[in-house]
Each structure stands twice: as C-alpha cells, then as structure tokens.
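# Fold and contact review
Spelled out from the first residue to the last, the chains are:
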Amino acid sequence: MERTRARATVFLMLFLGHLSNALEVPLDLPQPPTITHQSPKDFIIDPRENIVIHCDAKGKPHPSFSWTRNGTHFDIDQDPKVTMRPHSGTLVVDISGEKVESYEGVYQCTARNEHGTAVSNNIVIRQSRSPLWSKERNEPIIVQEGVSLVLQCRPPAGLPPPIIFWMNINFQRLPQSSRVSQALNGDLYFSNVLKEDSRNDYICYARFPHTQTIQQKQPITVTVLNRKCVRVLTYGSAEERRPTFLIPSGSSSSKMVLRGQVLELECIAEGLPTPEVSWSKVSGEFPAKRTSFLHFQKTLRIVDVSEADAGEYRCTARNRLASVHHTIRVTVKAAPYWISTPRNLVLAPRERGNLICRASGTPKPTITWAMNGIPIESEYSDPSRKVEGDTIIFEEVQTGSSAVYQCHASNEYGYLLSNAFVNVLSETPRVLTPANKVYQVIRNSRALLDCSSFGSPIPKITWFKDSRSSTLDGDPYVLHENGTLEIHVAQALNSGKYTCVARNSLGISENHVYLEVKEPTRILKQPEYKVVQRNRNVVFECKVKHDPSLIPTMTWVKDNGELPDDERFVVDSDSLTITDVTENDAGTYTCIMITTLDQDSASAELTVVAPTPAIVYEQPDPPTDLELTDQKPRSVQLTWIPGDEHNSPIHMFVIQYADSLHHHGHWHNLTVVPGSKTTAHLKLSPYVHYTFRVLALNAVGLSIPSLPSRVYKTNPSAPDENPSGVDGFGTEHDNLVISWKPMSGHQANGPGLQYKVMWRQKDVDKEWTSVTVANVSKFMVSGTPTFTPYEVQVQAINDYGIGPEPAVVTGHSGEDLPMQAPDTVQVLVLNSSLAEVHWEPVPPKTVRGRLKGYKVYYWRERSLHKHNPHHVEQQVLTFSGNKSHGMLPGLQPYSLYLFNVRVFNGKGEGPASSNQQFETPEGVPGRPSFLRITNPNLDSLTLEWGPPYDRNGRLTGYTLKYQTVNISDVLGPVEELALPANETSVTLINLKYSTRYKFYFNAKTGQGAGPVVTEEAATIMDEGMFLMRPPSVAMAARQVDIATQGWFIGLMCAIALLILVLLIICFIQRNKGGKYPVKEKEDAHTDPEFQPMKEDDCTFGEYSDTEDHKPLKGSRTPSNGTVHRDNSDDSLVDYGGDGGDGQFNEDGSFIGQYSGKSSARDTAGGHESSEAPSPVNTSAMNSFV
C-alpha cells in the first residue's frame, strides 16, 4: 500500500506575503503620487495596432500626468492622433494613416500633485520588423560523399530576431542528428555528407514571432556524388579523417554574458566517422538544475546565469581516429540589480528616518538621487536632509516637506529607477484589516492573524485573546514587525476571539478577528492492494474523517490521471467499484479527500490476472529458520527464510516480540518490513527478555506465526524516559494531587522502578520540594493555598540510575467555593416572553478557582391576573465566565418573576445575589379552554365557551367567525361577531335549517388575538335530527346514520325498481326510433330532486342519439335541479335557465330556441336542497342502483 498525505503547498507563499507587505497609506489621506502600472522598458509594438503606452498612478489628491519624448516635453494636445485616457496617464496613439516610425523613441511619464512628483522608467518604443528576404539565386551545390558541408541561411535582421528552422518543399522538417544539425545562427551543418543527403529542396524558414509572419529562403539544391565518380565541380574528396571544429575556430575563444540571461555555447565539428561532442567545466561543475544540452550535445545551455557560472568551458569532439578540444572563456557581467529598493516613508513631524537604495552589478553601478524628478543636487539645501551615497537621512522633518525621491542605479549595461515618497503626516492609528474577519486553519499547522494598521507616528501593535487579561507575547505566539500574530502550531484551545490594538501618541484603535482551528482530514480506512481476475468486480474502500464544518470533496484518480470515462467505474461516497475488470484497468488508484483547508490521499494498486480456476490463492506459509545475528546491547539483526507464497506475492513481514520477564505469553507488534526483504535490524529496549516471531502477509491474508526465536536478553540501564500524562490538580481547597501514567516494566529499563515527584509554587518558590515513591500513580501534597499555580515534575528512577530531565507541568491546587455574589444585578424586559439580565463580574480573587461561568436562577412567582393560579417552577440558565449579561427566554406574559445570579467554579456555586423581581407585559391569550355547541334548533345554535387557561393579560373580548359548509365541503361566506370579555355563551339565530356550520373562536387582549379553536355543527331537520361532528368525519357520520334507517332502505329499493323498469322502456322506445319532445319535460318537473325522470318519454332531461351504444350508468342529479351533461362531446347542452337557447328537430338539427327553467324555481328549490341533508339522498340512491 502506497500512501501520501498532502497539505496546502502555498502556505509558505502566503506566509511571506503576510510579512512582506509594503507600506500602504490609505487613499483618503494626503500622499504623494505612486506609479502603479507602466509599460516595460523595451516596448516592441505591432505596426498594425494602435500604440498604448501605460502609465497609472495613485495619490491624494489624484495626480496629473505629463510625458517627455526623447528628453523633451511631449505636448499631446498638439497631436490629434494622441489621446490620454481619463484619470490616467496612459497614452493611446492612433496609427491609422500614419507612419509608426514617427512615434518611435524614448518616453517617460511624470505623475505629480501638490505633495510631490513620481516618474516612470524610460520606455523605449520600437516597432517590430519582419523584412523580406533579399532576392538571390542559389547555385546548385555538388559535393563528394564524406566531406563536410555548410548550408547558409543568413535571414534578414528583424525585431525581435526571427526563429530559424529548415524544412522541405512539403513543409516537413528536415531530420537532424549528431551528423546533421542546425547552428545557433541558423546555418545547417553536415559533419559529413551521405548519398541520401542529395535533394533539391533545402529551404530555410524565418518566423518573426511578434507579427507571426514567416519568410523563406530560395531552395538550395545539393547533389552528393559517390566516391568512385569522376569529380567535377566538387568541393573535394573525402577519406576517414580526424575531427576538426567548424565553429568556433581555433583552440580557444571567449564569450561575455549578462547575469540573469541565457548562456549558449556551441561546438560543431566535422570528421569521418561523425565526431561525438561532450562538455566539461575546467574549474567546477555545471549547475545541474539550470543546465541542458541541445542539438545532440553540440550546444550547452545555462539559464538564469549568475557570477558563479564564469570560468572556462571545454568542448571535446572525438571519433575513433582522434579527439580535439576547444576552450571557451566565459565572463559574466551584470546590469544593475536591486539589493534593496527604497521604501515609502511616513513620518510624523519632527521624526527621523532613512531612505536606503542599494544595488549591485558588474561593474558596480553608480547611485544618484533626484527629488520630484529633479537631481537632488539641483534642489535647495534642506538642513533636515542629508545624502550619504545610497542613503538619504532625514532628521526633524517638518510639515509640508513631503516629496517623491528617485533612486537611479546605472552602469554600462543598464539602469534602474525606483520611486519612494516621504510623507509627513500626523494621523491617529487605524486598523486596516477587515473587522470580525474569520481565519480557519488546520490543527497542528501555522496560524497567521493579520493586524494591518496605519498611523503616524507608526502605531505599536499589541494582541489580546478573549478576556484581554494579558498581552499575547511569547510561546506559542510570535508578533511580527508588521503586526501579524503567528501561532506556530495551532491547537483547538487557540480558537477564539482575538483583539489587536494599534496605539501611538495621538490615539488608539482596535479590531477583532476570530480563529477557528479545524480538525485535519484523515483517511481512516485506506484502499488495499487488490489482485482480481479479469471480468470480475473489485471494490476499493476509502473511509475518511474530516472536520464536520468543512465541506469535503472525494476524488479518485488512476495513475495520477482522471478515471476513464466508463460506466463500469462507479464512485460512491467512500468507495470505488470497478465492474467487469479488464487488463487496461490495472494500475494505481488514489482516493483524494479535499476540503477548503487541507487534503489527504491514499493509493492502492490493482493487478488484473487471467482467470485460472486451477490456481488457488491462499495465505502464505509461515517463515522458518529464525536466526539472531549482529547482537548489540540495544539492537539485533533477525533473519528468516520465507515460506511458500501460494500464488500470491508476499507484501510484507510482520515481526512480533514477547517479553518473558514482564508480560510472559503476550505478543506485541515490533515492526514490518517489505516482502522483498528477509532480514530486519531491530532496535531493542534494556531489561527485556525478547523472543521474536515473524508472520507473512499477502493479498489473501496473514500466515500463521513462525516458530519463536531463541530468547535474547538485554541488560538493564537507567530509564530513557519519564512518566507521561503528568498533571497537577486539587481535590480539596488545601491540597495538590500530582498524578501520572505508570510506566510499564518494558519502559522501566531495569529493576527497582521508582518515581521522584517534585513540586514548587510557581513564581514564588525557587527550590523544588521532592519525594520518592514507588508502585503508585499519584501523590497528594497537603496544606497548599487555595487554587494556586504549581510547577510539578515526575522523574523515573531505577536501580541503575535516573531518567532524563523531566518536563515541567503547571497545575493548580484545589478550588474552594466562590466567596462573593455578583453585584449590580439589573434586568431589562424586552418583550412579554424575553428579558435580559445584567450583572457586574465578581473580582477574580473571590472566585477561588477556575471561573466556569454564571448561573441565573429564575422562577415565576405568580400571574398578574387574579384568575390564574399561583405556581413556582424554578429554572436555571448557565452563561460563560466572560459574559456579564444573558437572555431569559420563554417567559410567561403578564407575570411576576424573581431571579438571582450566582458565580460558579469547578468546586461549585457561590452565594446568590439578592432576589430581584420584574414583571412581563401582556401577551396574546391562549386558546379558549373549551367550545361547546348546545340547543340546536331549526334556525339557531347556542355556543358555550370557557376563558383561556393562559390569559396572558386582561381579556378585552372574543371574536366568533362562522360560515356554512355544504355537502361537498365547499365553504360559504364568513360572518364575524365580536363578543364581550365577560360573556361565556351566545345564541345564533336566523340560521338556515338543516345546514352545517363551521365556527372559529378566539380570545383577545390588548396585545392582539390568540390562537383559534374550531368546531362544526348543524341545525336540525324537520324530523328533529341533529348531527354534530368533527370537521374530518362529519359527512361520513351523517351518511352512516341515514343508511341504517329502515324507512330509508325501503324507499331506496322502491326507487331502484322504478328506475329499472323505466330504463327498460327507454331502450325499447329508442330502438324503434321514437321521437322525444323536450319542451314538455321541463314543464312536468316541479322538483327535480324527487322527479329525476319523465315518465311519458322515459328521458332524463336531455337526450342524444349518439349515446345509444353507451353503457347505462346510474344518474346523479345535482341538488340545484340541473342535469349536467356527460363528458362526451356528442351529448346535448343542459337546458336549464343557463343551459342554452336552442332546440332540435327530430333528426337532431338545430331549429330554434326554447325556454328553460325559471330562475325563481332554481332559487327557491334548487339552492336549499343543495344544502339540506335530505333523507332522499341522491348520492346514496345512485350508489344503491
């Protein structure tokens, strides 16, 4: 199993960024200009595009801009082709219709305001050039086989220089080798020519990168003659010959290169056979990471050259006949480069400071200074300013002496320019880091908390945590010069609120930030090595633990690349499943769990084997022949012979030991070694009687253990370690208990194990008090002052000496109950259910222990309403020790409460403060205690109710709302009635008979209405029947009651028989093609509820010839007296008052209008029948039929 763990690799960059921020003056303060963006010094432009020369600056007030060209003022207002961007110094030159050459030159930007002047670098503007190849005619070249040859390219000079390559007429690159290669100048060199070098399309191409254009030379024809041919117009004959250099010439040469550039040295030799070229440095080694060899070892390339790369380099050309050398002497010069640039300086009046400008180069550069763009020697003499070479010293600066200073460093190879301002300000501190910023780090990693500030004089930064009891200085905290607070190894206890305070002579400012220390991401169950047969399935598990507040992302990769886009790969939250495995699936699979702060990964290999049913994979046999060699007091070498692998390679060996002296018969894991090894060098402890055994592990599992080795005894010695888990605490107010984890016999290193227990009062006692004990794991010191810090140590001792110097652990003696109750206890009632309690924290000395917090005990003494009962139910809320106030939620409105506050520590609670009381205001009342409906009549109902149990104030009345509910549970309009608070019943009159009503009832106080209680009931029918039901079951209850009446069952049977006879008659008449007058049907119907059929023509109010073949269905007549049509599009429209105005002749065609039912009958009969629960229920009748 291969496993890797990764953490954020950018931390170092972030760390350096925290500590190296340049001084930033807030832009709302006066300040000289600062150049923020400018074009490069050597600016090559494309002649096809407009010229844009950048120059941006900031300052207060915002700076104005001007330019010089070739050292003189450039008046952009006089050139209509040149514009300056708003709020910027950037120039835009429109070159349409203009010659670009007229705008070439050296430009410099100046940004100025009332506090100073900043200048840019000299920006050299040159247009890119890609000239055409000069016309030439290349004569054919005839050469004899074996001689050397050079094909010259000589491209036109361009800006920047072109990239050279050789191709044929089909744009295919010509093959190159140690025999044929291209030189740095673009020429093509042949160490010796062969017959196959003959061709007529050697073409040199030049690509100009800036304009992306390609120029080509005329093709060159080369003819290679066989050695036996008659030589005519040839370059000569060739036999085998010693190497000689084509370039460079002679035995030595020299080359100069500038620091930071690329050094390219070239040696091309001719000879037969082809010489091989090698390189060496006479006086040193090549810089390995910066050196490369190109063009078949003929070019040595070193990037980012430094002074150490100077010296003599030797190239050697060698064939079987001889070798030849050439020495190149390399000198390294350097254009000026910064050692330290001057930094902006903010000074308060009468302060002092320095501007330092240090540069180096070869030769050493000259340093000159300018102020506001003018040489400083030309400026007026200022007694507060003194120039000493690369440093300007300011003393007793005065208000109004702000300026921008320019440092120039130059030698014959280049120049540098840097601006730095001196800003004289008096400014109170301000913290620039955003307030309440939250920093998140992983436990055991570095934490950096920012406190970027500004002020003049420069503020001093101090940090506090939580209670601000002391400044954070010293381990584990490091305060950096820029105000950043660093915690080397962040732990959970470092989480919390941090306060940084910036202070100078003019004032103080503070800011709060928060640190959250998160648990690291850990893979608990790693994927395991798998050997699987082809076409089988395999599962890799990867179970991860991470901080619950971080959002994790699980990713699987194969061989460090993405998983194949194949549905056979199924990724779950903690596993990867591959179905129907193929040989291509073999490889290394890695699960990576990534959070926003860290990540963890683990890998496993998949081996795919062919299906071989005859092969059996089993656990390996145990190793044999264990032997101990190289025996030393603290180590021994163990060797063994592996057992049979049983067709599965052994991954590792597990070495275990038993200690017959201390834990006879118990085996412990000692170490593991790879399966390829059969020896292990074991580190041992003193005073142990070792016996070893070895187990082998393959993909199937562990073998049984090997036979034990012989016993190997180590000699006793003094302890190597001290007890762990040392702690100091108190069980009573006047004692200190020092405890530790007992050491095992294996850790004792010898007989006679004892413990030397030492203690002293921290910052009071200089000498240690000690006692030596044995066979215990704690010791109690009596007579200690209450809750006092003590330093304790526990050191191991045996008969052979003492252990190492023990670590000092700080503990505290026992706690006692707090002495004092909190003072100045006050309460603020926020609303009817919430109050805020305030108290003055107790003095730390009276706590007599570790402050755990404050407890507020409160209880409802009584209600302010005379009808509500008196009940006491004490409650308690706990608040942290850094709190001086807390909320009491869930209070009862309109009540009297009592409360007190107590402080508590690890021992218990202190005395309570005196009881305070407060009253909660009114709230909305609770539900009425009950709602009953009595005395049902034909048109009236009586409602009775009880007042709410929780009145929560003075009742001002009740609200009653009610509405009708028809047989389809459709609600009617809402009626509302306001009732006085002293009423407990009301009778509603003029209600509809046999109608169901829904009631909504609630109480009110001055704060509003309380929750609603609902009930349903119905007025009685003529028969005196009354039904009251809950909303969800009222309809079902009414239907059950009707259906069980004997008279109802008889009536339903009669109606069903009558309908059956009429249906038979209808079918007979319709089959005879009878005609059915429609108009008489409506006249004959007086009550459609009880006369749903027309007996003389057997129709149901409407008829359609297209329904002859439809199955007969039970007809349900709506209670409003209308007969609704079927869903079929062929049926006739309803013929009620709104049914339509047409009538039909005998063949079904439309012939005119006919009158419908009267609206009066619809209103009088239909509406009421729809609401009354009639015993002749149409729905029940249809169900019966």
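Residues numbered from 1 in each chain as written. Predicted model: local features only at pLDDT ≥ 70, side-chain atom pairs only at ≥ 80, totals over all residues. Heavy atoms only, no water.

Stated precisely, the cut-off is as follows: UniProt positions are given in the numbering used here, feature names are shortened, and annotations may be inferred rather than shown by experiment.
An unreviewed UniProt entry lists the protein chain under the name Neuronal cell adhesion molecule-like, with Oncorhynchus tshawytscha given as the organism. Quoted verbatim from the Subcellular location (unreviewed entry) heading of the UniProt record, the comment on the protein chain is "Cell membrane". One UniProt comment on the protein chain, placed under Sequence similarities (unreviewed entry), says "Belongs to the immunoglobulin superfamily. L1/neurofascin/NgCAM family."

## Things to note about the overall build of the protein chain
The condition is simple: Note on conventions: DSSP H or I runs of at least 4 residues are helices, E runs of at least 2 residues are strands, and numbering of each starts at the N terminus. A 1.4 Å probe rolled over the protein chains alone gives each residue an accessible area, and that area as a share of the maximum for its type sets the label: buried under 20%, exposed over 50%, partly exposed in between. Whether two residues touch is decided by their heavy atoms; if any such pair falls within 4.5 Å, the residues are in contact. Surface accessibility follows the Shrake-Rupley procedure with a 1.4 Å probe radius. Residue values consider only the protein chains on display as shielding.
Along the backbone of the protein chain there are eight helices and 89 strands. Of all 1185 residues assigned to the protein chain, the portion counted as buried reaches 43%. Sequence-distant contacts, at least 24 apart, represent 65% of the contacts inside the protein chain between residues at least 6 apart. Carbon and sulfur atoms make up 51% of the accessible area of the protein chain, which amounts to about 62200 Å² in all.

## Regarding unusual backbone geometry
A cis geometry characterises the amide bond from Lys60 onward to Pro61, with omega recorded as 0°. Along the polypeptide, Pro61 turns up in the loop between strand E5 (55-60) and strand E6 (64-69). Omega for the peptide link from Ile247 to Pro248 comes to -10°, which places this bond in the cis form. The backbone phi angle of Asn70 is positive, close to 55°, even though this residue is not glycine. Mapped onto the elements, Asn70 comes out in the loop between E6 and strand E7 (72-74). Positive phi, normally seen in glycine, also occurs at Asp625, with a value near 55°.

## Describing the state of the cysteines
Convention followed: Put simply, a disulfide is two cysteine sulfurs that come within 2.5 Å.
Here the structure, examined in full by the defined rule, presents six disulfides. Between the sulfur atoms of Cys55 and its disulfide partner Cys109 the distance amounts to 2.0 Å. On the sign convention where negative is left-handed, the bridge of Cys55 and Cys109, at about -70° about the S-S bond, is left-handed. Pair noted here: Cys55 is in strand E5 and Cys109 is in strand E10 (residues 105-113), with a separation of 54 residues, a long-range link. Taking relative accessible area as the criterion, Cys55 reaches 0% and is therefore assigned buried. The disulfide partner of Cys267 is Cys315, and the gap between their sulfur atoms is 1.9 Å. On the sign convention where negative is left-handed, the bridge of Cys267 and Cys315, at about -70° about the S-S bond, is left-handed. With Cys267 in the loop between strand E23 (263-266) and strand E24 (268-272) and Cys315 in strand E28 (residues 311-318), this residue pair connects regions lying 48 residues apart in the sequence.

## Comments concerning the packing of aromatic side chains
Here is the rule we go by: Put simply, two rings from Phe, Tyr or Trp (the six-membered ring, in Trp's case) pair if the centres are within 6.5 Å, and we call them stacked under 30 degrees between planes, edge-to-face over 60, tilted for the rest.
Tallying each qualifying case throughout the model produces 24 aromatic pairs. Here Phe165 and Tyr205 contribute two aromatic rings whose centre-to-centre distance is 5.8 Å and whose plane-to-plane angle is 10°, an arrangement assigned as stacked. With Phe165 in strand E15 (residues 163-167) and Tyr205 in strand E18 (residues 199-208), this pair connects stretches of sequence that are 40 residues apart. Take Tyr205: its relative accessible area is 3%, and that puts it in the buried class. Arranged with centres 6.1 Å apart and planes meeting at 15°, the rings of Phe286 and Tyr313 form a pair that is stacked. With Phe286 in the loop between strand E25 (276-281) and strand E26 (291-294) and Tyr313 in strand E28, the pair connects residues that are 27 residues apart, well separated along the chain. Given a relative accessible area of 23%, Phe286 falls into the partly exposed group.

## Structural notes on the pattern of salt bridges
Test applied: Any Lys or Arg side-chain nitrogen found within 4 Å of a carboxyl oxygen on Asp or Glu counts as a salt bridge.
All told, the structure shown has 39 salt bridges when counted by the stated rule. The closest approach of N and O atoms between Arg430 and Asp28, which form a salt bridge, is 3.1 Å. Taken as a pair, Arg430 in strand E39 (residues 427-431) and Asp28 in the loop between helix H1 (11-19) and strand E2 (31-38) lie far apart in primary sequence, 402 residues in all. Salt-bridge contacts for Arg290 lead to Asp309; the nearest nitrogen and oxygen are separated by 2.9 Å. In this pair, Arg290 is assigned in the loop between E25 and E26 and Asp309 in the loop between strand E27 (299-302) and E28, connecting sequence segments 19 residues apart.

## Notes on the sheet that holds strand E33 (residues 366-371)
Think of a sheet as strands paired side by side through backbone hydrogen bonds, with each pair either parallel or antiparallel. Threshold: When DSSP finds two or more bridges between two strands, those strands count as paired.
The mixed open sheet is built from five strands, whose spatial order is E30-E38-E37-E33-E34. The open sheet terminates on both sides in strands that have one partner only, identified here as strand E30 (345-347) and strand E34 (374-375). As paired elements, E33 and E34 share two bridges and run antiparallel to each other. For Ala370, the partnering residue across the bridge sits in E34 and is Pro375.

## Structural notes on a nonpolar patch on the surface
Basically, it comes down to this: Here a patch means residues that are over 30% exposed by relative accessible area and free of salt bridges, tied together within 9 Å if like-charged and within 5 Å if nonpolar (Val, Leu, Ile, Met, Phe, Trp, Tyr).
On the surface, Leu1057, Leu1060, Val1061, Ile1064, Ile1065 and Ile1068 cluster together into a nonpolar patch covering about 530 Å² of accessible area. Assignment of secondary structure puts Leu1060 in helix H5 (residues 1046-1071).

## Regarding the sheet that holds strand E14 (residues 149-151)
Put simply, the test is: Every axis in this analysis is a line fitted to C-alpha atoms, fitted for helices over the stretch in contact. Angles between the N-to-C directions lie between 0 and 180 degrees.
Read from one edge of the open sheet, three strands run E14-E17-E16, paired in antiparallel fashion. Unpaired on one side and paired on the other, E14 and strand E16 (180-182) mark the two borders of the sheet. Averaged over neighbouring strand pairs, the angle between their axes works out to 15° when direction is ignored. Judged from the three bridges that link them, E14 and strand E17 (residues 188-190) form a sheet pairing that is antiparallel. Its bridge partner lying in E17, Leu149 is registered against Phe190.

## Here we look at the side chain of Thr499
Short version of the rule: Distance and chemistry together define a polar contact, namely a pair of N or O atoms within 3.5 Å, with one atom able to donate a hydrogen and the other to accept it when in protein, and with adjacent residues in sequence counting only for side-chain atoms on both sides.
Along the chain, Thr499 turns up in strand E46 (residues 496-504). Within the structure, Thr499 has its side chain in polar contact with the side chain of His512 (distance 2.8 Å). Not counting chain neighbours up to four residues away, the residues in contact with Thr499 comprise Thr462, Trp463, Phe464, Arg468, Glu510, Asn511 and His512.

## A short note on the nonpolar core
How we decide: What makes a nonpolar core is a set of buried Ala, Val, Leu, Ile, Met, Phe, Trp, Tyr and Cys residues whose side-chain atoms join them at distances within 4.5 Å.
Counting residues in hydrophobic clusters, the biggest one holds 30 residues, and the most contacted among them are Ile51, Ile53 and Trp67. Looking at this core, the elements with two or more residues in it are strand E3 (42-45), strand E4 (51-53), E5, E6, strand E9 (91-93), E10 and strand E12 (123-127). With three residues, the top contributor of residues to this core is E10. Grouped together as the second largest cluster of nonpolar side chains are 21 residues, Leu149, Leu151, Tyr202 and Ile220 included.

## Here we look at the side chain of Glu791
The residue Glu791 is located in strand E70 (residues 789-798) in this model. Overall, the relative accessible area of 15% leaves Glu791 in the buried class. Each residue touching Glu791, except ones within four places of it in the same chain, is listed here: Met758, Trp759, Arg760, Lys762, Trp768, Val808, Val809 and Thr810.

## Brief notes about the confidence of the model for the protein chain
Formally: Per-residue confidence from the prediction method is given by pLDDT, with values spanning 0 to 100.
Taken over all residues, the pLDDT of the protein chain has a mean of 84, while the share at 70 or more is 85%. At the level of individual helices and strands, the protein chain shows its lowest average pLDDT in helix H8 (residues 1178-1184), which scores 35, and its highest in strand E11 (residues 116-119), which scores 96. This model gives residues 1023-1041 a pLDDT under 50, and the stretch forms 28 contacts once residues within four places in sequence are excluded. Note that pLDDT drops below 50 for residues 1074-1185; the model gives that stretch 161 contacts with residues more than four away or on any other chain.

## Let's talk about the pairing of strand E78 (residues 895-905)
Among the eleven residues of E78, ten are classified as buried, and the element is accordingly described as predominantly covered. The pairing of E78 with strand E79 (residues 916-919) spans four bridges and is antiparallel. When the bridges of E79 are listed, Phe899 appears paired with Gln916.

## Remarks on the environment of Val93
Mapped onto the fold, Val93 is located in strand E9. With a relative accessible area of 4%, Val93 lands in the buried category. Aside from chain neighbours lying at most four places away, what touches Val93 is Asn50, Ile51, Lys81, Val82 and Tyr103.

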